[in-house]
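Results of the structural survey
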Amino acid sequence: MATNDNKNKILNKILSPQECFLLKHKMPYILDLKKGNQGLLYMGVEHSRDPKNKQYLQIASLFKKFLRQYSKDSIMLAIEGFVPSAPSSKNDGIVNFGESGLLMHLAQKYQLDYFCPEPSQNEILKYVLNLNLFKKEDIALWIFLNTLWNILKVSPTLSEKEISSLNTLISYLDRQLDSRKSNPNKFYWARFKKRLNEITGGEVLPDNLENLEQKQIDIKIIERLQNPFIEGTVLNNIGSKINYARDRLIAASFIKKITRGENIFSIYGVNHVVAQEPALRLVFMQKKGHIDNINMPYNMEV
């Protein structure tokens with residue numbers, strides 16, 4: 001198992017989104033690692049809140065098998081994103097929280113321990129800043145664009161509440177980047193607007209943040225600029241490194257539990273499993289492999 005001496009060597013094997021983008025992989029992507037009497041079942045999926053999605057049958061089959069292999073008091077469920085409230089039923093958990101809701105249902109039903117391996121935004125930002133690869137203003141711009149993109153995916157126009165949340169985000173970034181401007185929103189908005197003009201050669205943002213409520217933003221431009229899987233601009237590279245930092249810190253949390261003898265069952269977005277696989281294989285000292293066939297009874301219940 002991993003020790004403090006080789007931890008960084010192991011974590012350095014994690015792939016960036018830009019590296020993962022070049023790989024072909026199956027869906028779902030199932031990483032089933034064992035060493036001695038210890039195991040990790042890490043399933044990568046396309047997120048779904050549809051209880052009828054067939055991947056939930058696959059999860060049920062794998063989970064039942066995992067329960068047979070290990071004692072309940074040695075099993076930990078690792079939950080992506082955040083720990084949701086306990087659902088009233090399996091379907092309720094899936095509809096409201098997707099795979100994370102299902103894991104909370106399983107933790108409650110089988111009285112299993114669970115944890116959230118996610119790092120804080122501060123931890124991710126600290127890692128990227130310590131690399132000294134990018135300008136602070138460019139890092140702030142990518143985080144802003146990524147947040148804006150996630151809002152625009154839901155609705156092409158912004159509400160007053162969403163604009164207020166973007167204002168709060170800029171103030172947060174100002175504190176984290178130690179800029180301490182008297183009017184951070186005005187300062188960063190001018191920087192964002194100018195930098196995007198330099199990168200794209202056109203006007204991407206309006207003159208001030210409040211005008212976002214009236215202006216129709218070109219969603220495709222925002223999507224392309226924040227996309228961490230492609231190599232296009234410095235913003236894409238920043239996004240890739242930020243996502244790499246998240247995967248690195250998630251894997252570090254997994255490794256900490258593994259070195260304590262825990263058996264981990266987890267479901268994450270597929271790209272995270274693919275990215276972390278080389279590092280986790282080193283921990284278990286197993287070569288690359290993949291589960292192709294799953295015995296999946298149609299009426300399997302968990």
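See the structure shown above.
Residues numbered from 1 in each chain as written. Predicted model: local features only at pLDDT ≥ 70, side-chain atom pairs only at ≥ 80, totals over all residues. Heavy atoms only, no water.

Taken as a whole and assessed by the stated rule, the structure comprises 13 aromatic pairs. Arranged with centres 4.8 Å apart and planes meeting at 55°, the rings of F66 and Y70 form a pair that is tilted. Given a relative accessible area of 3%, F66 falls into the buried group. For Y70, a relative accessible area of 11% translates into the label buried. (Phe/Tyr/Trp six-rings, centres within 6.5 Å; stacked < 30°, edge-to-face > 60°. Buried < 20%, exposed > 50% of the residue type's maximum accessible area, 1.4 Å probe, protein only.)

Moving on to the sheet that holds strand β3 (residues 75-79). Reading across the sheet, the 5 strands line up as β1-β2-β5-β3-β4 and stay open at both edges, with mixed pairing between neighbours. A strand with exactly one partner marks an edge of an open sheet, and here the two such strands are β1 (29-35) and β4 (113-115). In this sheet, adjacent strand axes meet at a mean angle of 15° when their direction is disregarded. Relative to β4, β3 runs parallel, the two sharing 3 bridges. Bridge pairing in β4 places A78 opposite F115. (Pairing = 2+ DSSP bridges. Helix = DSSP H or I, 4+ residues; strand = E, 2+ residues; numbered from the N terminus. Axes fitted to C-alpha atoms, helices over the stretch in contact; angles between N-to-C directions.)

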